Amino acid sequence: MSGVDRYDAIVVGAGHNGLVNACYLAKAGLNTLLLERRHLVGGATITEEVVPGFHFTTFSYAISLMRPEIVKDLELVKHGMMVLPLVNTFQPGLDGEYLLLGADSDANYHEIARHSAADAEAARDLDHLIARLVRALKPWMDRIPPNSRSSDPADMAALAELEGWYEALDPDVRAMLERFRTKSAAEILDEYFESDLVKALYASSGIIGSRCSVRDRASGIVWLFHKLGEFDGDPGHWGFHKGGNGGFTQVLARAFESFGGTVRLNASVAGLRYEEGRSTGVELEDGTVIESDLVVSALDPRQTFLRLVDPEDLPEDLVGRIRDFKFQGTAAKVNFALSDVPTFPGLEGREDIFRGFTNLGPSIDYLMEAWADCEAGRVSRRPFVDCCVQSTIDPDMAPAGQHVMSCFVMYAPYHLADSDWETERDNLGITVQETIEEFFPGFGELVLHREVVTPMDIEQLIGLSEGNIFAGELLEDQLFLNRPAPGWNQYRTPISGYYQCGSGTHPGGCVTGGPGWLAAKQILGDREA
Amino acid sequence: MPLTTPFHPRVASANRVGLWKHWAGYLIPPQYQYSLTAEYYGIRNSVSLLDTTPLFKYRITGRDAARFLARVLARDIDGCPPGRAQYTCWCNEGGFVLQDGVILQVTEGEYWLTAADPTLRYFRVVARDMGAEVDIEDVSRAFGILALQGPHAYDVIRQLTDDVTSLTYFGATKTEIRGRSVIVSRTGYTGDLGYELWIHSEDACEIWDALMQAGQGHNIVPIGTTALKMARIEAGLLLMGADFHSARFAWVDAQCETPLELGWSWMFRTLEDDDRAFIGRAAIEAELRDKSSRWTTVGLAVDWHEYERVYSAAGVLPPRHEVYSESTMSIYRRGTKEWDYAGYASSFTSSSLLRTPLAIAKLPLDLAKPGTEVDLEVTVIRRPENVLARVERMPFFNPTRKTAAMDEGAAV
């Protein structure tokens, strides 16, 4: 197919949602071209061999929210999909204390009960209530959201259905939903727990990737969002793809190929070509023109609406809304190649404690101090770090006996008050390493290589505006009916034949595939109509 | 790693089969010897010793302890004066059962409760909401519990303390064994003569040894949880997780059960005459008034001849030896319609003593009368077959020794 300059469909951006979308279009029989600016597919979902033998999940590093329907529709297992369980969660304290939670509910009870028996019981209540809420929300994750600005009878019916659904919720479940919408993670946790270590473990889900503190109202929704996934149907649990998250996008690339799709790498799109409100194709940075009546942007809303097209050609309210869309990335990655697993005093020789997330952020105060730095426009001097020593699960990630450690770091604000990211890069790496050293003495001696990924890198390397890992904040007014804008939340754009399918659309960020899948559903539906 | 009970050194050396299971996060033997039947007959023939420490244990004291318990527990706590124990349950406002358990008022105002699941936080929330001055203490780790059950239970324990002689069925007292303070109640989960002992964890092995020594001449048998469960079906005692599930972790009401549906209407006989404001009362009253129970829980005795016949017809022996199951077995109405679903059995055992397969079953109210005939689905060489079963009043086995007065020197 290469050399043809006309396609049935062009998907711009080979992040996981671009891949999923392109798979569905190709599977439906469209001659589909997937364009990627970089030398590899995957966008933020890649694995790179940074040091020989050491495979780093440069950006995204775990999986949970991947929509199960996509796995079946695209036959991803056949193409090598294998998600491994993250069996443990390790929350070390700075005083020798820790929480080590695993796969057994009774064992977890007793582990939490070491800190508070009431909390151990509360954790069961809270987990159960969240699981019930997540089950109720799931259908809305997996459908094109209603358009709140439409007078179309189908949209009116869907909005009425939404209202009816809300009214029909079990009162306890509805109350929990309202808590998440109106309260901060810390406020909710104060209702349930007394142990600071336990609170902090739960609270960290409320800030991941978001410019908010655990005491900020916004943290409730962020927390809920991170619980919407599952592992083998076990709600709220996370997994790790064989070969890292990049292993997963390679699976998608193979599926795309099997459906007859074409990938073009090192192909940076300069803009959409359109005439009289209809898409006619794209133009690459090198001047190449590729024609198609159907163009799908897997980029974030700022790129989709303000860069690939001339905002002058779009409705003013949409442009205004996208200009106001909050990105404000606050997360960074620091990835390590290690000569051995770190050691936690008192748990020497326990490699298993790392087979999951290791959560450095032992108290609400700790998390709030980290936030105070972010508010002041600087990197947290003692950041929250979510570590994942993936080679303890997948031996192919590092040479035998050696390890890779992915560290997700909060806060690292995109906008620095008195510095810039080139100056701060090293400082960030040192800060994270020193923080880990506090919990795991001797850590520094294990470090063979350190890779620092700043929010500026995230923006410049993979095009996520301001380095926001979700392609736009997970704020309530930027989700569902409003993602990326009211009236434009159904994957269409004002330009006919031009669609959006990135994480800046419903259901949102994380490796869900939902935006790519639902956009394809909309596109294929529109073509039939 | 799972926790071990304070009796673990003794339990581990008595466990001769190397089998362990997890019970509420503790390591416990499902059996100690190869013959489950031998353990079972420890309960019915001589005397058995069971480590039941994994139960959650609470001490409830304070000025408003009785007022709090009257609110949180569904059964009238006034029926549990000092020196008495009571089998009880607690419900949510919807009248669905959260848990069952046994409460003791050992001395005036000092209550001790066992429960299968944790309930500290729930109780504290209820106490706070009603403004009760009550101290609810989780003593789960501070105490071990041993159940001494069987016809010779009294003969064994009376060698160690005189205070048990006057102890009537569901009586409770503090006493001393080998100079160690213990709480003894005449209670158990076997439906036999027996005692349960709350033992300070640090005294655990000492008391175990004392009981085993005293039991030597009485063929005392340490038993695991499987033999216990066989006995509890004969005793008609329900097991949470098998015969019902806590409403606390239910997703929908269909998974919950009311005390009336569990066959505990006897707990509410005085409801018309009292004004106890316990949690779930309004829902239970409405259920009684509207007769809106969805089912009830009954005993089911399988017809021995039919049971023999369906297996024999297939050329195999009917399974009767060491059968115990918590798998759901469907029950059908007998009549002209085939496979007319009526309910299910939640526990099943083949009683060695009674020579009858027995089940605890959920049936619609019109099938609940003793003597009613239903079909129970069993699997014969992997095919479903129906066998005749009859509703029977529980307990299936109820020896007089269970409640008999223990006079000094009485033979059993």
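Values in this document were obtained by computation on a predicted structure and should not be read as measured data.

(A) Inspection of the overall build of chain B at higher detail. The secondary structure content of chain B amounts to nine helices and 20 strands. Along the longest, intermediate and shortest principal axes, the C-alpha atoms of chain B span 65 × 50 × 45 Å. Out of the 412 residues in chain B, the part that is buried amounts to 47%. Long-range pairs, those at least 24 residues apart, make up 67% of the contacts in chain B with a sequence separation of at least 6.

(B) The arrangement of the domain arrangement of chain B in detail. The assigned domain composition of chain B is domain 1 (8-55 + 141-223) and domain 2 (296-392). The gap between the C-alpha centroids of domain 1 of chain B and domain 2 of chain B is 33 Å.

(C) Spotlight on the interface of chain A and chain B. In this complex, chain A contributes eleven residues to the contact, which on the side of chain B involves 13 residues. For the side of chain A that touches chain B, the secondary structure elements donating two or more residues are helix H3 (105-113) and helix H4 (117-141) of chain A. The element contributing the most residues to the side of chain A that touches chain B is H4(A), with seven residues. Residues that form the side of chain A that touches chain B fall into these classes: six nonpolar, two polar and three charged.

(D) Broad picture of the pairing of strand E16 (residues 329-333) of chain B. Residue and element names in this part refer to chain B. In this sheet, strand E17 (residues 340-351) lies alongside E16 in antiparallel orientation, the contact comprising five bridges. Bridging from a neighbouring strand, tyrosine 332 pairs with tyrosine 341 of E17. Two elements, E16 and strand E19 (residues 373-380), share three bridges in a ladder whose sense is antiparallel. Within E19, the position partnered with tyrosine 332 by the bridge is aspartate 375.

(E) Representation of the sheet that holds strand E8 (residues 135-138) of chain B. All names here are of chain B. Here we have five strands laid out as an open sheet, ordered E5-E6-E7-E4-E8, and antiparallel in their pairing. The sheet is open, and its two borders are formed by strand E5 (84-91) and E8, each paired with just one other strand. Sheet twist, expressed as the mean angle between neighbouring strand axes with direction ignored, is 25°. As paired strands, strand E4 (residues 56-61) and E8 are joined by four bridges and run antiparallel to one another. Along E8, the bridge assignment pairs isoleucine 60 with isoleucine 136.

(F) Looking closely at the sheet that holds strand E13 (residues 220-222) of chain B. All names here are of chain B. In spatial order, the strands read E10-E11-E12-E9-E3-E13; together these six strands make up an open sheet with mixed pairing. Whereas interior strands pair on both sides, the edge strands pair on one side only; in this sheet they are strand E10 (172-177) and E13. Here the strands of the sheet are splayed against their neighbours by 25° on average, with no regard to which way each runs. With four bridges connecting them, strand E3 (residues 47-51) and strand E9 (residues 143-149) associate as antiparallel partners.

Cut-offs and rules
Residues numbered from 1 in each chain as written. Chains lettered and ligands numbered in written order. Predicted model: local features only at pLDDT ≥ 70, side-chain atom pairs only at ≥ 80, totals over all residues. Helix = DSSP H or I, 4+ residues; strand = E, 2+ residues; numbered from the N terminus. Buried ≥ 20, exposed ≤ 12 C-beta atoms within 10 Å, placed from the backbone. Contact = placed C-beta atoms within 7 Å. Domains from an automatic or database assignment. Nonpolar A, V, L, I, M, F, W, Y, C, P; charged D, E, K, R; others polar. Pairing = 2+ DSSP bridges. Axes fitted to C-alpha atoms, helices over the stretch in contact; angles between N-to-C directions.

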